[in-house]
Amino acid sequence: MVSKILVSACLMGHAVRYDGRAKPLIHPAIEGWMREGLLVTLCPEMSAGMPVPRPPAEIADAATGEDVLAGSGRVIELTGGDVTNEFLKAADNAVRLATANGCRYALLIDGSPSCGSGFIYDGSFSGSRRSGNGVTAAALRHAGIEVFSDREIDRLIARIDREA
Ligand code: SF4
């Protein structure tokens, strides 16, 4: 049996993003995995009690999710609030849920300070990107889960084909 996939709730069409919107990923593979019961859907930030909508947040000072996990990075809202603890709880929730459900893979939306895995924003709220993981993606990778961004769904399909 193919391993399960933890998936960002906003990719599944849930309106859970900071701006109250979803960002659905329409792809036949998603429908197939859903029919096979392989998807475990989570919004890490909502699981940590964050509301919808909420102020946008970025990892400050061009740091990464790994820095936040190590205690040297902070996650700050545009309005100045420090939500580092919430983001750490979100990451922990994601690892726990993925582990409890036997997820070998995660398919996460890119750019988010939680779910980003190819790029994140640099903390200046100016739209500047840097490569790196958000906090949840970093924690999942640390736990041995293979993380794919929404732009890498074809790589995930190929990876699962090799497993099957
Ligand atoms: S934490 Fe992840 S799942 Fe939740 S809204 Fe942000 S990108 Fe989507």
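Just above, that's the structure.
Residues numbered from 1 in each chain as written. Predicted model: local features only at pLDDT ≥ 70, side-chain atom pairs only at ≥ 80, totals over all residues. Heavy atoms only, no water.

### Quick look at the pattern of salt bridges
Piece 1. Counted by the stated rule, this structure contains seven salt bridges.
Piece 2. Arg-74 is paired through a salt bridge with Asp-82; the nearest N and O atoms lie 3.0 Å apart.
Piece 3. Of the residues examined, Arg-74 reaches a relative accessible area of 38% and is grouped as partly exposed.
Piece 4. By relative accessible area, which is 39% here, Asp-82 ends up partly exposed.
Piece 5. Between Arg-159 and Glu-146 there is a salt bridge whose closest N-O contact spans 2.9 Å. With Arg-159 in helix α6 (residues 153-163) and Glu-146 in strand β8 (residues 146-149), this pair connects stretches of sequence that are 13 residues apart.
Piece 6. Judged by relative accessible area, which is 17%, Arg-159 ranks as buried.
Piece 7. Given the relative accessible area of 26%, Glu-146 is considered partly exposed. (Salt bridge = Lys/Arg side-chain N within 4 Å of Asp/Glu carboxyl O. Buried < 20%, exposed > 50% of the residue type's maximum accessible area, 1.4 Å probe, protein only. Helix = DSSP H or I, 4+ residues; strand = E, 2+ residues; numbered from the N terminus.)

Keep in mind that these numbers describe shape and distance, not what the molecule does.
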